[in-house]
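Residue-level structural notes
Here is what each chain is made of, one letter per residue.
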Amino acid sequence: MPETAVTDPLQPIRWKMNQMLDRVKRARQSGHYFYLQPIQEFKGARVKVKGRGEMIMFASYCYLDLLGHPYIDAAAQAAIRQYSSGTHGVRILAGTLPLHNQLEHKIAAFKGAEEAIVFSSGYVTNLSVVSTLCGRNDVVVSDKLNHASIVDGCLLSRAQFVRFRHNDMESLERVLFKAGGDTFKLVVADAVFSMDGDIINLPEVVRLCRKYGALLMIDEAHSLGVLGETGHGIEEHFGLQDGVDIHMGTLSKTIPSVGGYVAGKQGLIEFLKHTARAFVFSAALPPAQTAAAKASFEVIEQEPERIHCLRRNIDVFIGGLHERGFDTLNSETAIIPVICGRDEQAMEMARRCQDQGLFVLPIVPPAVPEGSSRLRVNVTAGHTLADLDYALGVLGTAGKELGVI
Ligand SMILES: *Cc1c(COP(=O)(O)O)cnc(C)c1O
């Protein structure tokens, strides 16, 4: 090997780093950088943010306001006392505690499934489950607006990856028809879409999956605890008994812990427990997080008033936005997009909200299509009617001044 001059090994990718770094720098300079702000204290929807003081949180996924619940905290503390802070590694070898099995039983019962498996995050659950089930000769069918973790799972699987138009059942049927009868087909969709807050047309998706012999996986990251009279999720919302084969969800949103799960038929779960690489090759959830997750499912069932309060807040907030002339797409859930249009409009709306004590974040391309830059406002059971009223006032004034409404 001839000796060459010492060069910067990052040089070949410097262009893409600079692109992002410049964008961040410009946002910081113009006062439009709202990311990575440390939350110093919280009490329900009230948070103390470093350098900003008290704010009302409108960007939380803690939909039922379970973070800080004394029963859940006590379960986590008891688990630390009993089992300490970690495990002996992966579940399949020395990492399983009785708590893990209890949590999986609880999740399976909650979702009306035979068994469940938990992973160390929701992201990794999607990545691992999709890529374990699908391989080179298979077809994986995904809604165009599905979460990044599903997209990454589809790519990792090396199956034929086909997307259908967002929540468009004719498009889904065309894709399934073309895939052919003998091929293994997995259809994956979010129950509630994380940027738009709308709900997948589950009855029709189930009908089409049955008609074309496809397996159906639904990601309930934003519907667990949110949809259905008792918060059991999307099937309860539509009054469906079965039809979803793989019930996926996260333990980091409504459930104030960390981890992800899949619930389904016994054989399927047992297969995953011995083959899904993120389960077999990645450490078990720590005891405290496992106990907290289990306790949270119990609280959801014991305190249904939280779900009613969330439902009321969603209705009040969406109603108030419509009265003021805002476009919230087809959201009927706790994720409420407030469409602003151009990037600068969304950024400036966010700045005005933040300056007036609302922790609200803008979403801009490439996360959403060009021209549909927005605020994404998350309502939780922790908001009071006065909080919602105040936020509607701030949004209304800013929206008028910036020509959004
Ligand atoms: C947040 C989210 C995930 C990932 O869950 P984590 O537990 O945060 O890794 C997966 N799917 C959807 C739809 C999500 O919104």
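Residues numbered from 1 in each chain as written. Predicted model: local features only at pLDDT ≥ 70, side-chain atom pairs only at ≥ 80, totals over all residues. Heavy atoms only, no water.

Bringing the overall build of the chain into the picture now. Looking only at helices and strands, the chain has 15 helices and 14 strands in total. Computed over the C-alpha atoms, the radius of gyration of the chain is 22 Å, within 12% of the 22 Å expected from 2.2 N^0.38 for a compact globule of 405 residues. The C-alpha extent of the chain, read off along each of the three principal axes, is 65 × 55 × 50 Å. Across the 405 residues that make up the chain, the buried fraction comes to 52%. Across the chain, contacts joining residues at least 24 apart in sequence account for 70% of those joining residues at least 6 apart. Put simply, the chain shows about 18,800 Å² of open surface, and 53% of that area lies on carbon and sulfur atoms. (Helix = DSSP H or I, 4+ residues; strand = E, 2+ residues; numbered from the N terminus. Rg over C-alpha atoms; globule rule 2.2 N^0.38 Å. Buried < 20%, exposed > 50% of the residue type's maximum accessible area, 1.4 Å probe, protein only. Contact = heavy atoms within 4.5 Å. Areas by Shrake-Rupley, 256 points an atom, 1.4 Å probe, with all protein chains shown as cover.)

Now for empty space enclosed by the protein. Applying the stated rule across the entire model yields 1 cavity of 30 Å³ or more. Empty space within the largest cavity amounts to approximately 70 Å³. What lines the largest cavity is simply Arg 91, His 100, Val 118, Phe 119, Ser 120, Ala 278, Phe 279, Ser 282, Ala 283, Ala 284 and Leu 285. Taken together, the elements giving at least two residues each to the lining of the largest cavity come down to strand S4 (115-119) and helix H11 (277-280). Within the lining of the largest cavity, the residues separate by chemical class into 7 nonpolar, 3 polar and 1 charged. (1 Å grid on protein atoms, 1.4 Å probe; cavity = no way out; pocket = protein on both sides within 12 Å on 5 of 7 lines; lining within 4 Å. Points joined across faces, edges and corners; volume = space filled by probe spheres on them. Nonpolar A, V, L, I, M, F, W, Y, C, P; charged D, E, K, R; others polar.)

The next point concerns the layout of surface pockets. Considering only enclosed or pocket space, the largest pocket measures out at about 880 Å³ in volume. Put simply, the parts of the chain that give the lining of the largest pocket at least two residues each are helix H1 (14-29), helix H14 (343-355), strand S13 (361-363) and strand S14 (373-378). When residues in the lining of the largest pocket are grouped by element, the largest group, 5 residues, is from H1. Its residues assigned to classes, the lining of the largest pocket shows 23 nonpolar, 6 polar and 6 charged. Its volume calculated, the second largest pocket comes out at about 320 Å³. The wall of the second largest pocket is formed by 17 residues, among which Lys 144, Leu 145, Met 195, Ala 367 and Val 368 lie closest to the centre. For the lining of the second largest pocket, a count of residues per class yields 9 nonpolar, 5 polar and 3 charged. Here the lining of the second largest pocket spans two domains, since at least three of its residues come from each of domain 1 (31-60 + 304-401) and domain 2 (70-302). (Domains from an automatic or database assignment.)

With that settled, the discussion passes to the domain arrangement of the chain. Considered domain by domain, the chain is made up of domain 1 (31-60 + 304-401) and domain 2 (70-302). Inter-centroid distance (C-alpha atoms) of domain 1 to domain 2 is 27 Å. Taken together, the contact pairs 19 residues of domain 1 with 20 residues of domain 2. Here domain 1 and domain 2 share an interface that buries about 1,400 Å² over both sides, 60% of which is from carbon and sulfur atoms. Of all residues in domain 1, Ile 307, Thr 333 and Ile 335 bury the most surface against domain 2, accounting for 36% of the area lost on that side. For the pair domain 1 and domain 2, the interface holds 1 salt bridge. A salt bridge links Arg 374 to Asp 196, with the nearest nitrogen and oxygen atoms 2.6 Å apart. Across the domain 1-domain 2 interface, the total number found is 5 residue pairs in polar contact (both at pLDDT 80 or more). Broken down by secondary-structure element, the contributors of at least two residues to the side of domain 1 that touches domain 2 are helix H13 (305-323), strand S11 (335-341) and S14. (Buried area = accessible area lost by both parts, 1.4 Å probe. Salt bridge = Lys/Arg side-chain N within 4 Å of Asp/Glu carboxyl O. Polar contact = N/O pair within 3.5 Å; in protein donor to acceptor, adjacent residues only side chain to side chain.)

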